[in-house]
Amino acid sequence: MFTAMLMGEEALHVVHSGSARLGKSGSNVNARSSSPTFFETAQQHLKGLVKDTNSTNAPSDHPAHVLCSSGIVHYNNWHLMTPHSASQRYLSTRGGSYDLSFEDVVLKGLANDGGLFIPEEIPSLPSDWQSKWREYSFQELAFEIFSLYISSEEIPAADLKDIIRRSYDTFRAKDISPIITLDESKNLHLLELFHGPTFAFKDVALQFLGNLFEYFLLRRNEGKEGTNREHLTVIGATSGDTGSAAIYGLRGKKDVSVFIMHPKGKVSPIQEAQMTTVLDANVHNLAVEGTFDDCQDIVKALFADPEINKTHRLAAVNSINWARILAQITYYFHSYFALCRQAKESNPTVRFVVPTGNFGDILAGYFATRMGLPSDKLVIATNENDILHRFWKTGYYEKKPVHGVEAEGGFAEDGAKAHPSGVRETLAPAMDILVSSNFERLLWFLAYRTSKTEETNRRRMEAGDKVQSWLNQLKSEGGFGVDKELLAAAKEDFESERVSDQQTIQTIKDTYAQKLSSSKQSNGNANGSSKPATTGTEHEGHYILDPHSAIGIAASLRSIAKASASTHHISLATAHPAKFSHAVELALKDAPGFSFETVLPEQFVGLEQMEKRVTGCKAEWKDVREIVVREVEEELKGER
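Residues numbered from 1 in each chain as written. Predicted model: local features only at pLDDT ≥ 70, side-chain atom pairs only at ≥ 80, totals over all residues. Heavy atoms only, no water.

Caption draft 1: Up close: the environment of E495. Checked against the element boundaries, E495 lands in strand 18 (residues 494–498). Under the relative-accessibility criterion, E495 is labelled partly exposed at 22%. Once the C-alpha coordinates of E495 and W392 are considered, the two residues, 103 residues apart in sequence, prove to be 7.3 Å apart. Here E495 is in contact with R351, K377, L378, V379, I380 and K562, once residues within four sequence places are set aside. (Helix = DSSP H or I, 4+ residues; strand = E, 2+ residues; numbered from the N terminus. Buried < 20%, exposed > 50% of the residue type's maximum accessible area, 1.4 Å probe, protein only. Contact = heavy atoms within 4.5 Å.)

Here's what the structure looks like:
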């Protein structure tokens, strides 16, 4: 059997282990064969196959040029490519889209059925990865990991290396994400992820994503002028750090407009200033009168709206975009090897502790461990917005607690027994999220793993159906429960801890009160100077945590009390303390000699006094749609 289909701007990918793509810039023909002599058949039928599509772009009377030794059949400018591996093909968590390319999922962001994109399979590591990768730089590790998920037919190796180089040249630290030892006696380490342009972990992913957008658009727009050029309208929501990281990753990029919504008055002053002081014409900030979840709902509504999708090509920049998760996998491997060198152990026992709200950061750790990275546990650290913690305790994923101790009156340390509906405003605002978007990616893999069905494609479809059903229940009933087998599977890889505001403040105090271990690693400057890469995290030998990182340390200390003495804990430091001055000053106002101004990074001095540009709006997606359409038009006319 040999069939073909012609598409328009986006390739249709056939769900079949023997599929291959026949493509030419803009249009694609897909071929499928059940015969082992596929490429011989392709050579014989290629000319007639392309003619049968009746494509105005298809070659007709010219002889075919065939090159099979590379696994690619060429017909003039057309090429028939060997199938991507399963980890390089993507599907929707809700079962409505299958066999998409990496480029498809990066530019699309959200599937048509509302689901999130995931690889068909999580790849296994090469057999020699521990010895071969041990001394690799962050950039070299990124290339090896990304190559498992991105076919070289989509992004050639030299191009991918260049994208990676440009993405991480913007970081202040030589090692990109160095680890330091907070407490040598407890094997407690901190993974510093805030050495990028906006001082938050999201720079690791969004510098990469911005360069991916640029790369794909430059390729698609080659030789095109004016209205024929493809233009990307990036829509994002932020609870604090995603917005500035996305803006810094996309500012000034050609053929890209970026719209970032933040909940008005619910991000820190530094975070707001980082976003609103960027005056590039393609950057649009929206202050929404609502919560982060309102902003996130607007993003999803716009992606589902047929009207704006007819006129604008929307792209996602939140962690719903698969490239965000992919980029974050790297620092789990990088920190593991850094620990091996520092502890002088070839295979240390390690737990990763991750402060998380939207579940993207720790999901990257799940991919790393499922690929083969040794990890004793992934520890979820939540604040008082504890939907994830409650799931691991009860098996129920509920916006408002119905099961467990939370439903019986809450926690005394929160200062109130009654559990209000909706999002709690805490000292860690980037985690003030009611529903964790990325959790459905994990649900899909857990449903797939626990399925009794043997046939792979049917098993995938069943997992998608289950996720769709659960998300429908969440929307209509406010929550759902899972069976014991699935909850047990979730507990194989994860533990969870919930940390209150009071405990967060105490952790900042206790950490600052200790002197740093003598084995602390310096966050070496990328420019080779002796000056620290990032100032403001240390004062006279005392370490200053931001509130999100403090939640991770509080959870780490609980985990240490339960784990074996030889277990190392790597806790992720997600943001610089200067971004959350209120919480830090609340904790350290009485500390001898502490003054927040003396440790403020030079990049933040005067930031809040700079010129700002922001548009206010209600939490109504149609109002936001109107703003997007109007401001993109003004931008393209050069009126901004």
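Once the structure has been displayed, the description carries forward.
Caption draft 2: Geometry of the pattern of salt bridges. Overall, the coordinates contain 33 salt bridges when judged by the stated rule. A salt bridge links R89 to E120; the nearest nitrogen and oxygen atoms lie 2.9 Å apart. In this pair, R89 sits in the loop between strand 5 (78–81) and strand 6 (90–92) while E120 sits in the loop between strand 7 (117–119) and helix 3 (129–132), placing the two residues 31 residues apart along the sequence. Note on R89: relative accessible area 12%, which makes it buried. Look at E120 and you get buried, because its relative accessible area is 5%. For R165, the salt bridge identified is with D162, shortest N-O distance 2.7 Å. One end of the pair, R165, and the other, D162, are both in helix 5 (residues 157–168), three residues apart, so they sit about a helical turn from each other. (Salt bridge = Lys/Arg side-chain N within 4 Å of Asp/Glu carboxyl O.)

Caption draft 3: Structural detail: the packing of helix 5 against helix 6 (residues 203–220). Axis separation between helix 5 and helix 6 bottoms out at 9 Å; the angle between their running directions is 135 degrees. In terms of orientation, helix 5 and helix 6 fall into the oblique class. Between helix 5 and helix 6 lies a crossing of right-handed hand. Listed contacts from helix 6 to D159, L160, I163, R166, S167 and Y168 of helix 5 are V204, Q207, F208, N211, L212, E214 and Y215. Residues that form the contact of helix 5 with helix 6 fall into these classes: seven nonpolar, three polar and three charged. (Axes fitted to C-alpha atoms, helices over the stretch in contact; angles between N-to-C directions. Parallel < 35°, antiparallel > 145°, perpendicular 65-115°, else oblique. Left-handed = near helix turned anticlockwise from the far one by under 90°. Nonpolar A, V, L, I, M, F, W, Y, C, P; charged D, E, K, R; others polar.)

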